[in-house]
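Now for the letters of each chain:
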Amino acid sequence: MGEINLVLRSSELFGGLSDETQACLAAIGQRRDFGAGAYLFRQGQARRACYLILQGQVEIVKDAGDGAERLIVLGPGDTAGEGAFLHASQHTTSAQTLGPAVVLEFDRARSLQHLEGHGKAAMELLSRVALVINRRLLYAGSSRTGREQGYASGATRPEHDLLGNADVPADALFGVQTLRAMQNFPITGIPLSHFPALLRALAMVKQAAARTNAKLGLLDPAIAGAIDKASQEIINGHWHGHFLVDMVQGGAGTSTNMNANEVIANRALELMGRQRGDYAACHPNDHVNLGQSTNDVYPTAVRLATIFMLRNLLSALEKLKLALHAKGGEFKDVIKMGRTQLQDAVPMTLGQEFEAFAVTTGEDIDRLRETARLFLEVNLGGTAIGTGICADPRYPQLVVEELRTITNLDIQLAGNLIEATPDTGAFVMFSGVVKRAAVKLSKMCNDLRLLSSGPRCGFQEINLPPMQPGSSIMPGKVNPVVPEVVNQVAFHVIGNDLTLTLAAEAGQLQLNVMEPILAFNLFQSMQMLSSAVNVLTTKCIVGITANEDRCRDLVEHSIGIVTAVMPTLGYKRATEVAKIALETGIPVREIIRSKGWLTEAQLEELLSPDAMTRPRMLTLGN
């Protein structure tokens, strides 16, 4: 019970409650032990309990359509599923243990029943739950309108910078430079927190820097330790709501770097037992940014974030490839007409068509993996323009070694830091490969829309899963909405690639100041494409069915099958057959039979699916 009371008092949710209410809750909670990989709850399940973590770690994961993504890692004193005290709606995330864990479970039904006889405790608890949820929402939404005024208490703290004094929200981890950037750049409405991979990458760079500076004796061990721990909390998913600078900004990413410096500095101050804003003890520039410049921190973080975000895209593409391959096997015996220039060509199987889709998807996966390796070379340690000014000469190699350990990636220091600082060639190449994948996906979706066109007046060779009514005026109409949305995402990715190309070209002298728009467009392309691919797989590909009779009927009545008998008949006779078939509508098979040019056995052999859909030994005519 002593351990439980200690954790209750340290909890954000329960720590502000009275001793009487805490004792009441301690009596309600049930201690539960979980093994590694166990789920406390899953996304989509009804909320049935709140969990207070006593020992171990629990990761909160959300799948928003672009693959499962870790949001945060919770530890002792943190709670998960606190909304269960308010309502029994579905969980919007999943909670899974990272190792053995011990939690205190507050069953919703049991808790509410017990609290019926403790009105004061019930009011106190529910008020606290509402306050905590409100605070999280304030630092989690993406709206930019009046955002800097949208904090719970309205209290402020004074901070000072080059331009003078400014009042920063007292409950904000960011500081004055972040506040100015929020006021200066109301551009996209999309803050840094929209891309958690970037925040984790920034925190990893700061963590590596703190460890390196401590090893070099340049940073007090206590300050370095607090920066290290604060950075790890951000890597684990905490405090992301305090990264509010718009993704598109002037200053070559300086506002992004300072947002990270200020959040880490203020959280480090708290960990050292000091107040936010007490920068004499831990300063955003002097300590968190020691040995660094935006010009090496920002491009390094963007490179790392790109690698992290690529994992979701590759996962989505792998699932698509497997689904297409499965359809290739399912449709391997469905004979159909192939087409070139939208005209009948020669027969093939529907399975061959889908297997080709799978192969081309696999090629994109390989190219993305290959090109992403370019991002493993970084300019960290070059500081402002690559000369390493304000950094210890031992720092560049050591900080890259630390970053390699933290990220578990084979990161290498660029051979020439002055060249590497303004160079964005890797982004141009990689964005081109992302665009290539989008173009090929769009072509595939064009094919799916054509093949499913109908249901009476089109190709109607396949059926796409019906997802929603297709018209507000035409009853019974169902549209290919999933391929359509993938097409539109592809168009957006293509446009983003052009913007990125222009941003790369606009670099001047020793720095490319356009990197924020470059990062924004690349991240947006990868995020949207990941979501689109997952939707295409789960809501379209896996549910496609074949209209086998329709496919065979089109083959039988096609002029194109005359190509299969052309080596035996000869080109002149085959052309005559094609002309008669086109003019009269009589099937090719019947025309050849009526002229007696081939026996029935020859017709059956030459016009069999095996003969028409794959190479075989030729039987040549005279």
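Rules and cut-offs
- Residues numbered from 1 in each chain as written.
- Predicted model: local features only at pLDDT ≥ 70, side-chain atom pairs only at ≥ 80, totals over all residues.
- Heavy atoms only, no water.
- Helix = DSSP H or I, 4+ residues; strand = E, 2+ residues; numbered from the N terminus.
- Expected span 1.5 Å × (residues − 1).
- Buried < 20%, exposed > 50% of the residue type's maximum accessible area, 1.4 Å probe, protein only.
- Contact = heavy atoms within 4.5 Å.
- Polar contact = N/O pair within 3.5 Å; in protein donor to acceptor, adjacent residues only side chain to side chain.
- Salt bridge = Lys/Arg side-chain N within 4 Å of Asp/Glu carboxyl O.
- 1 Å grid on protein atoms, 1.4 Å probe; cavity = no way out; pocket = protein on both sides within 12 Å on 5 of 7 lines; lining within 4 Å.
- Points joined across faces, edges and corners; volume = space filled by probe spheres on them.
- Nonpolar A, V, L, I, M, F, W, Y, C, P; charged D, E, K, R; others polar.
- Disulfide = S-S within 2.5 Å.
- Core = buried A, V, L, I, M, F, W, Y, C linked by side-chain atoms within 4.5 Å.
- Pairing = 2+ DSSP bridges.
- Axes fitted to C-alpha atoms, helices over the stretch in contact; angles between N-to-C directions.
- Arc of directions from axis to C-beta.
- Patch = residues over 30% accessible without salt bridge, like charges linked within 9 Å, V, L, I, M, F, W, Y side chains within 5 Å.
- Areas by Shrake-Rupley, 256 points an atom, 1.4 Å probe, with all protein chains shown as cover.
- Phe/Tyr/Trp six-rings, centres within 6.5 Å; stacked < 30°, edge-to-face > 60°.

Student: Help me understand helix α7 (residues 221-235) in this model?
Tutor: Every α-helix carries 3.6 residues per turn, so stepping three or four residues along brings you back to the same face. In a regular helix each residue adds 1.5 Å, so 15 residues correspond to 21 Å; α7 covers 21 Å between its end C-alpha atoms and thus fits that length. Taken residue by residue, α7 has Ile-223, Ala-224, Ala-226, Ile-227, Asp-228, Ala-230, Ser-231, Glu-233, Ile-234 and Ile-235 as its buried positions. Where α7 is buried, its residues touch α6 (196-215), α8 (254-271) and α9 (284-288). The N-cap of α7, judged by a side-chain oxygen 2.8 Å from the amide nitrogen of Ala-222 a few residues on, is Asp-220. Following α7 by one or two positions, Gly-237 adopts a phi angle in the positive range, close to 110°.

Student: Is there a simple way to think about the pattern of salt bridges in this case?
Tutor: Two side chains that carry opposite charge are able to pair once their charged atoms sit near each other. Taken as a whole and assessed by the stated rule, the structure comprises 32 salt bridges. Salt-bridge contacts for Glu-233 lead to Arg-267; the nearest nitrogen and oxygen are separated by 2.6 Å. Within this pair, whereas Glu-233 is found in helix α7, its partner Arg-267 is found in helix α8, the two being separated by 34 residues in sequence. Grouping residues by exposure puts Glu-233 and Arg-267 together as buried. Note that Glu-363 is salt-bridged to Arg-436, the shortest N-O span being 4.0 Å. Separated by 73 residues along the polypeptide, Glu-363 in helix α11 (residues 350-372) and Arg-436 in helix α14 (residues 425-451) bring together distant segments of the chain. Judged by relative accessible area, which is 36%, Glu-363 ranks as partly exposed. Through salt bridges with shared partners, a single ionic network connects Arg-32, Arg-48, Glu-105 and Asp-107.

Student: I keep staring at empty space enclosed by the protein and nothing clicks. Help me out?
Tutor: The gaps of empty space that remain are located by a probe, the size of a water molecule, rolled over the atoms. Summed over the entire model, instances satisfying the criterion amount to 1 cavity of 30 Å³ or more. By volume, the largest cavity amounts to about 30 Å³. What lines the largest cavity is Leu-317, Thr-360, Thr-361, Asp-364, Ala-437, Lys-440, Leu-441 and Met-444. Within the residue set of the lining of the largest cavity, elements represented by two or more residues are α11 and α14. The element contributing the most residues to the lining of the largest cavity is α14, with 4 residues. Grouping the constituent residues of the lining of the largest cavity by class yields 4 nonpolar, 2 polar and 2 charged.

Student: What is the right way to read the state of the cysteines from this model?
Tutor: Among covalent bonds in proteins, the disulfide is the one between the sulfur atoms of two cysteines. As enumerated under the stated definition, the model contains 0 disulfides in all. In this structure Cys-50 is a free cysteine whose sulfur lies 14 Å from that of Cys-24, the closest cysteine sulfur available.

Student: In this structure, what is going on with the nonpolar core? I would like to understand it.
Tutor: Side chains that are nonpolar tend, in soluble globular proteins, to be buried together. If you look at the biggest cluster of nonpolar residues, it comprises 120 residues, and the most contacted ones within it are Leu-198 and Leu-536. If you tally residues by element for this core, the top one is helix α10 (residues 294-330), at 17 residues. Dropping the residues within four chain positions of it, Leu-536 is found in contact with Leu-320, Leu-441, Cys-445, Leu-448, Val-482, Val-486 and Ile-541. Membership of the second largest hydrophobic core comes to 23 residues, among which are Leu-54, Ala-121, Ala-122 and Val-132.

Student: What should I look at first to understand unusual backbone geometry in this one?
Tutor: Note: most peptide bonds trans; most residues except glycine with negative phi. Here Gly-454 and Pro-455 are connected by a cis peptide whose omega angle stands at 10°. Note that Pro-455 resides in the loop between α14 and β15 (462-463). Its identity is not glycine, yet Gln-460 carries a phi of approximately 50°, on the positive side. Examined against the element boundaries, Gln-460 turns out to sit in the loop between α14 and β15.

Student: Help me understand the sheet that holds strand β1 (residues 30-34) in this model?
Tutor: Remark on secondary structure: sheet strands pair via backbone hydrogen bonds, oriented parallel or antiparallel. If you trace the 4 strands from one edge of the open sheet to the other, you get β1-β8-β3-β6, paired in antiparallel fashion. Lying at the two open borders of the sheet, with one neighbouring strand each, are β1 and β6 (79-80). The strands touched by helix α3 (residues 108-115) are β1, β3 (49-55) and β8 (101-107); relative to β8, the strand with the most contacts, the crossing angle is about 55°.

Student: What is the right way to read helix α12 (residues 395-407) from this model?
Tutor: Between its terminal C-alpha atoms α12 stretches 18 Å, which fits the 18 Å expected from 13 residues at 1.5 Å a residue. Taken together, the buried positions of α12 are Tyr-395, Pro-396, Val-399, Val-400, Glu-402, Leu-403, Ile-406 and Thr-407. Down the axis of α12, the sector holding all buried residues measures 160°, keeping them to one side. As for α12, its buried residues are in contact with α6, α10, β13 (377-378) and β14 (412-413). The first or second residue beyond α12 is Asn-408, which carries a positive phi of 60°.

Student: What exactly am I supposed to notice about the pairing of strand β9 (residues 156-161) here?
Tutor: Looking along a regular strand, one sees side chains alternate from face to face of the sheet. The alternating pattern of β9 places Arg-157, Glu-159 and Asp-161 on a buried face and Thr-156, Pro-158 and His-160 on a face that is not buried. In this structure, β9 lies alongside strand β10 (residues 164-169), joined through 6 bridges in antiparallel fashion. Directly across from His-160, in β10, lies its bridge partner Asn-165. Between β9 and β10, which follow one another and run antiparallel, lie 2 residues.

Student: Sorry if this is basic, but what is going on with the side chain of Asp-364 here?
Tutor: When you line up the elements, Asp-364 lands in helix α11. Asp-364 sits in the buried class, given a relative accessible area of 4%. Not counting residues within four places of it along the chain, the set of residues in contact with Asp-364 comprises Arg-436, Ala-437 and Lys-440.

Student: Explain the sheet that holds strand β4 (residues 58-63) to me, please; I cannot follow it from the model alone.
Tutor: The antiparallel open sheet is built from 4 strands, whose spatial order is β2-β7-β4-β5. What marks the edges here is a single partner per strand, and that holds for β2 (39-41) and β5 (68-74). Sheet twist, expressed as the average angle between the axes of neighbouring strands with direction ignored, equals 30°. Bridge count for β2 against strand β7 (residues 94-97) is 2 bridges, and the pairing is antiparallel. Bridging across to β7, Phe-41 finds its partner in Ala-95.

Student: Which parts of the structure should I look at to understand a nonpolar patch on the surface?
Tutor: On the surface, a nonpolar cluster with roughly 260 Å² of combined accessible area is contributed by Val-439, Phe-491 and Ile-494. Looking at where Ile-494 falls in the secondary structure, it is placed in helix α15 (residues 481-505). In this structure Ile-494 comes out as partly exposed when scored by relative accessible area, which is 34%.

Student: Looking at this structure, I do not really get the environment of Arg-42. What am I missing?
Tutor: In this structure, Arg-42 sits in the loop between β2 and β3. With a relative accessible area of 41%, Arg-42 lands in the partly exposed category. Sequence separation of Arg-42 and Gln-90 is 48 residues, and the distance between their C-alpha atoms is 9.1 Å. In contact with Arg-42, other than residues within four places in its own chain, are His-91, Thr-93 and Ser-94.

Student: Sorry, what's going on with the packing of aromatic side chains here?
Tutor: Here the structure, examined in full by the defined rule, presents 8 aromatic pairs. Centre to centre, the rings of Phe-195 and Phe-520 are 6.5 Å apart; their planes meet at 75°, and the pair counts as edge-to-face. Within this pair, whereas Phe-195 is found in the loop between α5 (176-184) and α6, its partner Phe-520 is found in helix α16 (residues 515-539), the two being separated by 325 residues in sequence. For Phe-195, a relative accessible area of 2% puts it in the buried group.

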